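# Fold and contact review
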Amino acid sequence: MTLERPGGKRRRHLDEVLLALEGVSLRFGGVNALSDISFDIRKGEIRAIIGPNGAGKSSMLNVINGFYQPQEGTIRWKGRERRRMNPYLAASTGIGRTFQNIALFKGMSTLDNVMSGRALKMRRGLFWQLVWIGPARREEIEHRRRVEEIIDFLEIEHIRRTPVGKLPYGLQKRVELARALAMEPELLLLDEPMAGMNLEEKEDMARFILEVNEQFGTTIALIEHDIGVVMDLSDRIVVLDYGRMIADGTPQKVRREQAVIDAYLGVAH
Ligand SMILES: Nc1ncnc2c1ncn2[C@@H]1O[C@H](COP(=O)(O)OP(=O)(O)OP(=O)(O)O)[C@@H](O)[C@H]1O
Ligand SMILES: [Mg+2]
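Now for a description of the structure that goes with this document. Since this is a predicted model, take the numbers as computed values, not measurements. (Residues numbered from 1 in each chain as written. Chains lettered and ligands numbered in written order. Predicted model: local features only at pLDDT ≥ 70, side-chain atom pairs only at ≥ 80, totals over all residues.)

If you look at the biggest cluster of nonpolar residues, it comprises 67 residues, and the most contacted ones within it are Val114, Ala178, Ala221, Leu222 and Val239. With seven residues, helix H6 (residues 169-182) is the largest single contributor of residues to this core. Shared between two domains, this core takes at least three residues from each, and those domains are domain 1 (1-94 + 185-269) and domain 2 (104-184). Residues within four places of Ala221 in sequence aside, it is in contact with Ile41, Arg47, Ile49, Leu61, Ile64, Leu187 and Leu189. (Core = buried A, V, L, I, M, F, W, Y, C linked by C-beta atoms within 7 Å. Buried ≥ 20, exposed ≤ 12 C-beta atoms within 10 Å, placed from the backbone. Helix = DSSP H or I, 4+ residues; strand = E, 2+ residues; numbered from the N terminus. Domains from an automatic or database assignment. Contact = placed C-beta atoms within 7 Å.)

A word on the site of ligand 1. Taken together, Phe28, Val31, Ala33, Gly51, Asn53, Gly54, Ala55, Gly56, Lys57, Ser58, Ser59 and Gln100 make up the full set of residues near ligand 1. Of all the secondary-structure elements, those providing two or more residues to the shell around ligand 1 are strand S2 (31-42) and helix H1 (57-64). Looking at which element gives the most residues to the shell around ligand 1, the answer is H1, with three residues. Each residue belonging to the shell around ligand 1 can be placed in one class, and the counts come to four nonpolar, seven polar and one charged. (Near = placed C-beta within 6 Å. Nonpolar A, V, L, I, M, F, W, Y, C, P; charged D, E, K, R; others polar.)

All right, on to the pairing of strand S6 (residues 95-98) then. Both faces of S6 are covered, namely the face carrying Ile95 and Arg97 and the face carrying Gly96 and Thr98. Sheet topology places S6 next to strand S7 (residues 187-191); four bridges connect them, and they run parallel. What sits directly across from Gly96, in S7, is Leu188. (Pairing = 2+ DSSP bridges.)

Despite not being glycine, Glu155 has its phi angle at roughly 55 degrees, a positive value. Residue position: Glu155 is located in the loop between helix H5 (134-153) and H6. Backbone geometry at Tyr242 places phi at a positive 50 degrees, although glycine is not the residue there. Mapped onto the elements, Tyr242 comes out in the loop between strand S9 (236-241) and strand S10 (244-249).

This brings us to the sheet that holds strand S3 (residues 46-50). Pairing is mixed in the open sheet, where six strands are placed in the order S6-S7-S8-S3-S9-S10. Both outer strands of the open sheet, S6 and S10, are each paired with one neighbouring strand and no more. Strand-to-strand, the axes of this sheet are offset by a mean angle of 15 degrees, without reference to chain direction. Inspection of the sheet shows S3 paired to strand S8 (residues 219-223) by four bridges, in the parallel sense. (Axes fitted to C-alpha atoms, helices over the stretch in contact; angles between N-to-C directions.)

Right, let's get into the environment of Thr110. For Thr110, the location among the structural elements is in helix H3 (residues 110-116). Classification of Thr110 as buried rests on a count of 26 C-beta atoms within 10 Å. Taking the C-alpha atoms as reference points, Thr110 and Arg161, separated by 51 residues in sequence, lie 6.1 Å from one another.

Bringing H1 into the picture now. Given 3.6 residues per turn, any residue in an α-helix points the same way as the ones three and four places further on. Counting buried residues along H1, eight of its eight residues qualify, which places the element largely inside the surrounding structure. Three or more residues of H1 are buried, namely Lys57, Ser58, Ser59, Met60, Leu61, Asn62, Val63 and Ile64. Phi for Gly66, located one or two positions after H1, is positive at around 80 degrees.

Here strand S1 (residues 17-28) pairs with strand S4 (residues 72-77) via five bridges, running antiparallel. Directly across from Ser25, in S4, lies its bridge partner Glu72. Judged from the two bridges that link them, S4 and strand S5 (residues 80-81) form a sheet pairing that is antiparallel. When the sheet's bridge partners are listed, Trp77 is paired in S5 with Arg80. Taking the residues between adjacent antiparallel strands as the criterion, S4 and S5 are bridged by two residues, where Lys78 takes a positive phi near 50 degrees.

Now the structure itself:
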């Protein structure tokens, strides 16, 4: 699959470090899910995290969004060291995500699912929402407007009223992306956004990821097994294998490294 970047495959200036990990290790009992991992994510880039099954990719995202607390290492967000973290705190500082296994409210409509992604942005409490007056009303209208924009952007208007449980898998993944975008994250974590999709659905999703990055300026960390997609989309790639980082760099650099070829590219998946 080849993708045209709207601006051509320009080399971008990625100077500003948004997130920096240093010496991060995460253990589950005797399992070293992550061992001494150090890399950074720069503002505006698409950063891929790849590696074989069980390499530690999802664990990595779970550390970044505060779901897991690493036993060792430091994490800096915009230059400041993060201490205790949880997904709510991470989200409120601007880190949004989608999951490897879709985590939507299946009985709720597309619109309501995307609206739920706004929860963090809603300042007025339930009382004001209920009485529906003044500032709460204006705020609600503004949230609806943003949500409708995202729905248009991802071309899911036709399913806005459909319960998401009734949608085909590819569209559910797109709704999940819409919900993550609704919180207007600065850094968006995508855990296998194209898994289980057919070629056409993958091409659509790849296009949307590029457009989110280009048009909203959202920084993206992406886990994906389809190496063609990764090579086309990403500015830089981190390669994990058995919880260790075995390569880090541009697609051109990483694809030539023997350790990567041995561990990942060389083995059938
Ligand atoms: N909550 C947990 N408890 C115990 N072990 C875990 C937990 N989460 C992950 N692991 C283990 O940590 C290692 C890394 O798992 P992880 O899910 O991060 O891999 P992955 O690279 O995302 O794999 P996949 O490509 O299959 O999604 C595996 O050995 C896994 O079994
Ligand atoms: Mg995973």
